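Single-letter residue listing:
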Amino acid sequence: MVYRRRKQTQMQAATESVAVAPTAPAAARPPKPRARMMRQYDLVERVRSYNPATNEDLLNRAYVYAMKAHGSQTRASGDPYFSHPLEVAAILTDLKLDDATIVAALLHDTIEDTEATRAEIDQIFGPEIGALVEGLTKLKRLELVSREAKQAENLRKLLLAIADDVRVLLVKLADRLHNMRTLEFVPTESRRRIAEETLDIYAPLAGRMGMQEMREELEDLSFRTLDPEAYAVVMQRLDALAERNRNLIGEIEAQLSNNLRHRGLGARVYGRRKKPFSIWTKMERKSVGFEQLSDIFGFRVVVNDVEACYRALGIVHTTWPVVPGRFKDYISTPKQNDYRSIHTTVIGPGNQRVELQIRTEAMDQIAERGIAAHVFYKEGVGSPTEFLKRESNAFAWLRHTIGILSESANPEEFLEHTKLELFHDQVFCFTPKGKLIALPRHANVIDFAYAVHTDVGNSAVGCKINGKFAPLSSELQNGDEVEVLTSEAQSAPPSAWESLAVTGKARAAIRRATRTAVRDQYAGLGRRIVERLFERAKIDYADDKLKGALPRLARTSIEDVMAAVGRGEIKASDVARAMYPDYREERVARYGVKKGLAAKIKEKVIPEPKKGPPAIPIRGINSDLPVKFAPNGGAVPGDRIVGIVTPGEGITIYPIQSPALKDFEEEPERWLDVRWDIEDSAPQRFPARIRVENVNEPGALAQIATVIAEHDGNIDNISMQRRSPDFTETTIDLEVYDLKHLSAILAQLRAKAVVARVERVNG
Ligand code: MN
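The rules behind the values
Residues numbered from 1 in each chain as written. Predicted model: local features only at pLDDT ≥ 70, side-chain atom pairs only at ≥ 80, totals over all residues. Heavy atoms only, no water. Pairing = 2+ DSSP bridges. Helix = DSSP H or I, 4+ residues; strand = E, 2+ residues; numbered from the N terminus. Core = buried A, V, L, I, M, F, W, Y, C linked by side-chain atoms within 4.5 Å. Buried < 20%, exposed > 50% of the residue type's maximum accessible area, 1.4 Å probe, protein only. Contact = heavy atoms within 4.5 Å. Phe/Tyr/Trp six-rings, centres within 6.5 Å; stacked < 30°, edge-to-face > 60°. Lys NZ or Arg CZ within 6 Å of the ring centre and 35° of its normal.

One ladder, built from 6 bridges, connects strand S18 (residues 641-646) with strand S19 (residues 650-655); its direction is antiparallel. Residue pairing for S19: Thr 646 is matched across the bridge by Gly 650. Looking at chain direction, S18 and strand S20 (residues 671-673) are connected through 3 bridges and run antiparallel. Bridge pairing in S20 links Ile 644 to Trp 671.

So, on to the nonpolar core. With 63 residues, the main nonpolar core has Leu 92 and Leu 107 as its most contacted residues. A total of 9 residues in this core trace back to one element, the largest contributor, which is helix H10 (residues 166-181). Not counting residues within four places of it along the chain, the set of residues in contact with Leu 92 comprises Tyr 50, Leu 97, Thr 101, Ile 102, Ala 105, Leu 170, Val 171 and Ala 174. One finds Phe 534, Ile 570, Ala 576 and Ala 688 within the second-largest nonpolar core, a separate group that totals 58 residues.

The next subject is the sheet that holds strand S4 (residues 297-303). The 5 strands lie next to each other as S3-S4-S7-S6-S5, forming an open sheet whose pairing is mixed. Of all the strands in the sheet, the pair left with one neighbour each is strand S3 (268-273) and strand S5 (328-329).

Before going further, it helps to examine the packing of aromatic side chains. In this structure the tally under the stated criterion is 13 aromatic pairs. Relative to Tyr 339, the ring of Tyr 330 has its centre 5.9 Å away and its plane inclined at 70°; by these criteria the two rings are edge-to-face. The burial state of Tyr 330 is the same as that of Tyr 339; both residues are buried. Pairing Phe 534 with Tyr 541 gives two aromatic rings, centres 5.4 Å apart and planes at 80°, and the pair type is edge-to-face. With respect to burial, Phe 534 and Tyr 541 carry one shared label: buried. Each member of the aromatic cluster is reached from another via a ring pair, and the members are Phe 223, Tyr 231, Phe 277 and Trp 280. A cation over a ring is seen here: Arg 75 above Tyr 81, with NZ or CZ 6.0 Å from the ring centre.

Right, here's the structure in full:
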């Protein structure tokens, strides 16, 4: 057995009444006399009474397992903790549920509160029961989470959405019912909250599932806790009225069934007292008191079949005057929770208004036990387990009943059901700390990450779903626990995520982040270019100075300027001129003759006036003409080169493979035979242009720039062009020492995953 720390948060102790120590406040109160705890054979007997085929061995094993697992734990009442799962199981036997549900009830708190594990339960009781118990464990965690996060309004949706087996909900409701029945032992401050939650969430849920008896008990228990005075008032008057009408009730029952029998119709007739909470809400809603019998009593006429229902209705309506506007036929048009009955009110014996519900036995069962009743009251049903599994699969039954909601009794109710429909479009997941994240269906981990926090989304690099590594694009399922793995190295998400994300929030955040990231990269590049120009030109660069020059550049911020330079929209020299209006760019430098043949050239772009021009290491030029390199591609030592003379301008050095040379084929007089002369010259850089086809993701440009910088290449200019949703073509003007240097850089770039293709460009 894997050791698990006992998790006993305050919340949990409150809900489950786990007494951590004998000093729990409730223990101080005189203990209420309690019924003898149910025994093993009691439980088995109860199940066998409605399910002769029950697996007694399974029930017994579960009983013993749960009892051992909970060991000496006690509830706030002082009872052994095990009495709780046992009572929960007993409640479910009242609903006549299958063995798996009863066993799951016995085990429902073991994974969370004891050393038991899912694996062990699977091993001993099989995966079906294991899944039920795990479902209950999830719900319990979820309950705590939504309570802390004050997401109660979500909880009900969530309960339905998360439990893919309706039996999980049935156990959950029974669990809550038992906790409500024993609420008096819970500390006062928790009581109210638990009661509110029950009234808000669990009672309506029971109603939704057609379980009226359970709903009413939950409501009344909550009502008693939340408004003891009102509860007491209602109960007093109910008792008084019931007492006053005691004889009348029996008389009405007798008259009704006699009348029906005389007309040849066997019927079970019984009066049923209305519940305090339903009376109270009626009083609140209609601001009326209750004085009449019909205010506190309803009568049921239960017959054999549907035809008999309408016959009974005819008899009643011809015997007593009908109260107009009170007739409703829920047999021909069942309620959304599958409730079926005929409702009518007549002026009956003793001149009393009598409310009647006419229904078959099966309808009566469904009215009281709802979905649980379907186990035995649907035709052609195999084993209860099979039925529940089939019917509860994705809540076919619930959905169906919701789906047939055509007439809505009142707008509130309609809203309720609309909500219910809506949340089938949602999934509910958790952070490792248990925070609940609600997402639209089909959402993936990227959406989840952004729902947690934009920063988490932006830096997400991987994830674990329920402890297992998974792709970020994995679609999330209800109840998934998602751990997003982040990396500080990732400042912005890949732009491709934008099309992967399902939620608008994630998409917008990704768009914003990638836009910012790209801009930041351009700005970084721009700044490098600008700073280098200033450095070489020996002028001072200062942000403040540039700030003053912003209007001249028609930009609003320094970052803007730098990004524009990075993008190639404005030149670094434009920036310099804006800051220093008398700045002169010396694009093509003068050269001089040195040692007869060698020429000197200043650096191509940036003047270095004081040092004087470096020697141009090319032999074969013997004139005063300025020398420059091929404007669209450059040339580097190692290239076979030719010089092209342009009258009035100078000599341009082209690599022999340059396609631009074609233009001069007709003018051989312009061709100069030149060679590199680098042996005795100081290391110099020469221009070359490359084209990189890279994957569209925010880190790509930075990676490329880094490779170049790390290998001692200078980036002179960059221009980018998006070729497809996936690729960008980036053209980079570099300065390198020679062909070998350039080839090394190209090879390094090719090794990068973000780089699809690299080639040198010859202009
Ligand atoms: Mn429990």
